[in-house]
Amino acid sequence: MSHLSNRKAQSASAQERTLADLKPGQRARVVGCAESNALAQRIMQLGLIAGAMLTFVRAAPAGDPIEINVFGYSLSLRKSEARMILVEDVA
Amino acid sequence: MDPLSSNRAELKRPTIAVVGNPNVGKSTVFNALTGLRQKVANYPGVTVERRLGILSLDHGEAHLVDLPGMYSLSAQSPDEMVALDVLLGRIPDLGTPDAVLIVADASNLRRNLFLASQILELGLPVLVALNMMDVARSRGIALSVKHLEHELQCAVIPVVASRSEGIGALRSALDRTLRHPRAPRLALMPAVKEAAGTLADGFRQLGRAIVPHDIERALIDEGGLVLERLRAAAGAEVAERLSEARAVLGFATESLAAADARCRYEWINRILAQAETRSDRLRGWSDRVDRLVSHPLLGTALFLGVMALVFQAVFSWATPMVDGIDALTRHLGEFVSRQLPEGALASLIVDGMIAGVGSVVVFLPQILILSVFIILLEDTGYMARAAFLMDRLMRFCGLSGQSFIPMLSSFACAVPGIMATRVIADPRDRLATILAAPFMTCSARLPVYTLLISAFVPDKSLAYGLLSLQGLVLLGLYLIGILGVWVLRCSSSARF
């Protein structure tokens, strides 16, 4: 699956940021998904597609799970799930 | 053929399938339409609940089938697989639905339209009930129904099901749709549809009849149940052809699943850019409450307070009622045994029926109190915040944040605690919680523990009279129960 290995090579070299790296209040744009499994598909179907704008709202006391705001609604994700979403910062 | 024609010889009611995201008020709409004329059963072979109701319309009656709430038709769980089967007419006693009613949350239309986009492509007559219009209005969201109807190519009826507003209009729309069925023409991924059609023809020549829609799902979905089912039924060669087709269709930089999701949201965004306007006021106080509730210190303190209240309520507020029921059972038993002569009949009634029913009914106060709290917590949205705070801790024991309240309640009594697991959506999480709940030492064991401890543990005190040995042993017994859950999780770590 060429696109997968492409993606993996990219994330190894270019220090790509994931959703899990954001801080409260930061805005970001989704670049893509690092994985290609059922969970990733579910997350994309909830709106985290390439190009979507989101805001990192807060993290639970232990840093996990996290809450984001995308398309005007709140979504909670576990940190392990958030690590799958590649993002780029937006001013 | 007009499905509502009153041809007495073939009085077969048309079927309407009701779909929608979880928590959009689908059940409320269903109840508003059917009233008490409904029954609950299971789909054959799976533990998925089916609700069937009868709906009275102007020109006849129709069957209403409530499908499980879901975010998309990607069949990744038994619930979604069953929904797909119903929509494709594969459930024997239901047949193909004559229409599909999509219940959508007007305050969350973007996410809700994802499922709608998939339903609209099925080639069945569709209509949309736009529920929770009051919530949308209070959040400053305005929607153009006309525009939505034009883009979705079906009737869109705004309703507020909890206040029965718009239900009459919904009924008329359902009546019209059944009498003049028209399926929307929508194909958001034409390349996939084409490929599926070609593959279906190819398979037919091999003697395998596979529905094109199944092929589409098998191509798009990652780890979907449709592919598994096809592989099991039709063999490895079919699966190979599908992977080949997938590789050909796959775009260079994203998987087919990602392309599908992106395509649909682009379509949705185009529609909502015209049909929806938001004014971001009025989220004010809800956001402020949220900030307090999810605050690491204050939120946790509030959470502990709420949990202490619930625990206290189930533990001690029920006591007078429990004692009352106990006393009632005893008095009733004594009264009856005084009236009847001694013997098998008296024993059957007193020791069997009265005592038996009594020992079940005695749990009722605790169940009622816990249920009231859970309804309150769920309706105010606090349940979701509590699960958010507790998730990390609970996952340490192999459970999820939503298990916290059932587990906590089990310290008081495991019966309402286990009943409270209804709120847990994931069936595996629910089962894990049900199995773990009895490990939490319930209040009924206290008399037994107290007795054993006072019999076998010396009445010594440690730390200069601050800690009593007996008290420590009691605490230890509680902790062993909790430890048991962790051990259970470790030993079955393969599953988690």
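Residues numbered from 1 in each chain as written. Chains lettered and ligands numbered in written order. Predicted model: local features only at pLDDT ≥ 70, side-chain atom pairs only at ≥ 80, totals over all residues.

### Quick notes on the sheet that holds strand β4 (residues 66-70) of chain A
All names here are of chain A. If you walk across this open sheet you meet the 6 strands as β1-β6-β2-β3-β4-β5, and the pairing is antiparallel. Only two strands of the sheet have a single neighbouring strand rather than two, namely β1 (17-18) and β5 (73-77). The sheet contact formed by strand β3 (residues 53-59) and β4 spans 5 bridges and is antiparallel. Residue pairing in the sheet places Arg58 in a bridge with Glu67 of β4. (Pairing = 2+ DSSP bridges. Helix = DSSP H or I, 4+ residues; strand = E, 2+ residues; numbered from the N terminus.)

### Notes on the domain arrangement of chain B
Residue and element names in this part refer to chain B. Looking at the assigned domains, one finds that chain B contains domain 1 (8-179), domain 2 (190-276), domain 3 (298-436) and domain 4 (443-491). One C-alpha centre belongs to domain 3, the other to domain 4, and the line joining them spans 23 Å. If you look at the interface, domain 3 gives 6 residues, while domain 4 gives 5 residues. When its residues are assigned to classes, the side of domain 3 that touches domain 4 shows 5 nonpolar, 1 polar and no charged. (Domains from an automatic or database assignment. Contact = placed C-beta atoms within 7 Å. Nonpolar A, V, L, I, M, F, W, Y, C, P; charged D, E, K, R; others polar.)

### Let's talk about the interface of chain A and chain B
Counting residues at the interface gives 27 residues for chain A, matched by 29 residues for chain B. For the side of chain A that touches chain B, the secondary-structure elements that each account for two or more residues are α1 (2-13), β2 (27-33), α2 (38-45) and β5 of chain A. Of the residues forming the side of chain A that touches chain B, the biggest block, 6 residues, is contributed by α2(A). Across the side of chain A that touches chain B, the residue classes tally to 13 nonpolar, 10 polar and 4 charged.

### Let's talk about helix α10 (residues 236-249) of chain B
Residues and elements named next belong to chain B. End to end, α10 covers 20 Å across 14 residues, agreeing with the expected 20 Å (1.5 Å per residue, within 8%). Of the residues making up α10, those classed as buried are Val238, Leu242 and Ala245. End-on view of α10: buried residues confined to an arc of 65°, all on one side of the axis. Facing away from the buried side of α10, by more than 90 degrees, are the exposed residues Ala236, Glu237, Glu240, Glu244 and Ala247. Where α10 is buried, its residues meet α7 (190-205), α8 (212-220) and α9 (225-234). (Expected span 1.5 Å × (residues − 1). Buried ≥ 20, exposed ≤ 12 C-beta atoms within 10 Å, placed from the backbone. Arc of directions from axis to C-beta.)

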